Amino acid sequence: MPNPQFLVLFGSQTGTAQDVSERLGREARRRRLGCRVQALDSYPVVNLINEPLVIFVCATTGQGDPPDNMKNFWRFIFRKKLPTTALCQMEFAVLGLGDSSYTKFNFVAKKLHRRLLQLGGSALLPVCLGDDQHELGPDAAVDPWLRDLWDRVLGLLPPPPDLAEIPPGVPLPSKFTLLFLQEAPSTGSEGQRVAHPGSQEPPSESKPFLAPMISNQRVTGPSHFQDVRLIEFDISGSGISFAAGDVVLIQPSNSAAHVQQFCQVLGLDPDQLFTLQPREPDVSCPTRLPQPCSMRHLVSHYLDIASVPRRSFFELLACLSLHELEREKLLEFSSAQGQEELFEYCNRPRRTILEVLCDFPHTAAAIPPDYLLDLIPAIRPRAFSIASSMLAHPSRLQILVAVVQFQTRLKEPRRGLCSSWLASLDPGQGPVRVPLWVRPGSLAFPETPDTPVIMVGPGTGVAPFRAAIQERVVQGQTRNFLFFGCRWRDQDFYWETEWQELETRDCLTLVPAFSREQEQKVYVQHRLRELGSLVWELLDRQGAYFYLAGNAKSMPADVSEALMSIFQENGGLCSPDAAAYLARLQRTQRFQTETWA
């Protein structure tokens, strides 16, 4: 008799929602239940009408937006024509992951829960609201919610009576087996699956384009605290096309030093070749890995050894550990009671997977290679706003990259994997190729030539607006208003000469805000208020579009507050009418944002 089945669907931007979903899958297997775990956009959404039990795990990104891998599902589920009885046979639960420091905390999960009810679904539980801001992270809400969920699920889907539950300390079978080859294959060579020039299909995550890097130039002053790079790629013959507002995704690699250290700690031969074999018929091998593959390629290009490990990492590591003292500590870190200590050891100092493995050397040395892909997540691609226009620079693609580096209590500085890897590449020393592909962004610019555009882009948030201004100027659209913010005119004023040249041609009105050049800090929201009458005139009388890009923490709320005060002071609106006016701009796509954490 087959095991009872249910479905877990996730929308994940940084990997946390996927990690929670895979935890649900593991807990189901321990309870002898069948469980399919899929990203929302990889699931044929029309089949939902046939699903009796579905758990949705959804993150909220930016300003209340769904993650990229559930955007198609999101559009479908909110179609007005869907009947109110569409999901009347489905029981569901929604687990949300968000950050309560943002205004639209867990907006996606709350809205999805309401929508599933509207379509006739029956909720097993109230929506779970995991919060990054809690001192124990999302697990503070997720753990008790999952206990309640399993009580409900086991009531609906009792496991086979003749099979006992698999206890927590016993490792589940690995997803894959690694079949080691005794000698190198006689034909073929190891390498990434890539899109070749002249290919019929555009590059994608499974087949990126290996773009030659043309230049890698630091654009901040030598004494400035942050290293920011303007990087240019040659995309000739790639089949890539993009418009202003689009995004490029880049697949980074681990440093050679980290790869060598990882192989030493785990006792792996970097040159050892293997083939991957899934244990289950419905599991496919990762498309990014060649077959056969070397251990060096797996660690360099696939395993995210520089990421901060999640609790699930410690759970599996504890199961695999043969060293009593290390196993005891790992079990503590993976228990509900040990989350405060785990946070202090791992999350607060941003300790990486590689560093944890170095702290547990006996356990690391005994990890069976079959479990590497269960234990360590895949390196995720990083998204960057494209900072150039194809109309101005055909066959070129430029990005503006702030190199992430900061100090915690650990001796080694913390470094962003992708930005540090990109900064280390020097096309002056020889050919450099970077795997990339393009997808539509969240910003869309008006096509009508006389429509004014107001753009607010502090710091690297200005990148998509450079692409838009280049594109609009080539098309003869000159009513461009840019509010740009940085610290110092002579240190981080990106593209100053380019903006000034456009101003002399009457193609741009530039309003800079230099926050550190006077006693009182001045930000873009202050400059907006100073020019409130112009902003109101452009928006209300001339139908301007308003765009905002940059850090999602407090800047979007500060700019929205500035707009509200402009609507009241310059437009004469009362507070409720000003809020309604702002909401109308958002609803009609005349106020668009692209923000990141």
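All values derive from a computational prediction rather than experimental measurement.

1. Side note on the sheet that holds strand β10 (residues 247–250)
Read across the sheet, six strands follow the order β13-β10-β17-β8-β9-β14 without closing on themselves; strand pairing throughout is antiparallel. Both outer strands of the open sheet, β13 (382–385) and β14 (396–402), are each paired with one neighbouring strand and no more. Neighbour to neighbour, the strand axes of the sheet diverge by 40 degrees on average, direction disregarded. Relative to β13, β10 runs antiparallel, the two sharing four bridges. If you follow Ile250 over to β13, its bridge partner there is Arg382.

2. Comments concerning the domain arrangement of the chain
Looking at the chain, the domain boundaries give domain 1 (5–156), domain 2 (209–252 + 381–439), domain 3 (255–375) and domain 4 (453–595). In this structure, domain 1 and domain 4 have C-alpha centres spaced 36 Å apart. Facing the six residues of domain 1 at the interface are five residues of domain 4. In total, about 430 Å² of surface goes out of reach between domain 1 and domain 4, with carbon and sulfur atoms giving 43% of it. Here domain 1 is connected to domain 4 by zero salt bridges.

3. A few points about the nonpolar core
By size, the foremost hydrophobic cluster in this structure holds 40 residues, and its most contacted members are Phe262, Leu298, Leu303, Phe313, Phe314, Leu357 and Leu372. Sequence-distant contacts of Phe262, defined by excluding residues within four places in its chain, comprise Leu268, Val299, Leu303, Ile305, Leu354, Leu357, Leu372 and Ile376. Core analysis: the next-biggest nonpolar cluster, separate from the first, contains 30 residues, Leu230, Leu400, Ala467 and Ile469 among them.

4. What to know about helix α19 (residues 575–587)
The first and last C-alpha atoms of α19 sit 18 Å apart over 13 residues, in line with the 18 Å expected at 1.5 Å per residue. Contacts made by the buried residues of α19 are with α17 (532–541), α18 (555–569) and β22 (591–596). A positive phi of about 65 degrees marks Gln589, the residue just after α19.

5. Structural notes on the side chain of Ser389
Among the secondary structure elements, Ser389 is positioned in the loop between β13 and β14. Classification of Ser389 as buried rests on a relative accessible area of 0%. At 3.0 Å, the side chain of Ser389 forms a polar contact with the backbone nitrogen of Leu391. Polar side-chain contacts of Ser389 include one of 3.4 Å to the side chain of Glu471. Residues in contact with Ser389, not counting those within four places in the same chain, are Phe242, Ala467, Gln470 and Glu471.

Definitions and cut-offs
Residues numbered from 1 in each chain as written. Predicted model: local features only at pLDDT ≥ 70, side-chain atom pairs only at ≥ 80, totals over all residues. Heavy atoms only, no water. Pairing = 2+ DSSP bridges. Helix = DSSP H or I, 4+ residues; strand = E, 2+ residues; numbered from the N terminus. Axes fitted to C-alpha atoms, helices over the stretch in contact; angles between N-to-C directions. Domains from an automatic or database assignment. Contact = heavy atoms within 4.5 Å. Buried area = accessible area lost by both parts, 1.4 Å probe. Salt bridge = Lys/Arg side-chain N within 4 Å of Asp/Glu carboxyl O. Core = buried A, V, L, I, M, F, W, Y, C linked by side-chain atoms within 4.5 Å. Buried < 20%, exposed > 50% of the residue type's maximum accessible area, 1.4 Å probe, protein only. Expected span 1.5 Å × (residues − 1). Polar contact = N/O pair within 3.5 Å; in protein donor to acceptor, adjacent residues only side chain to side chain.

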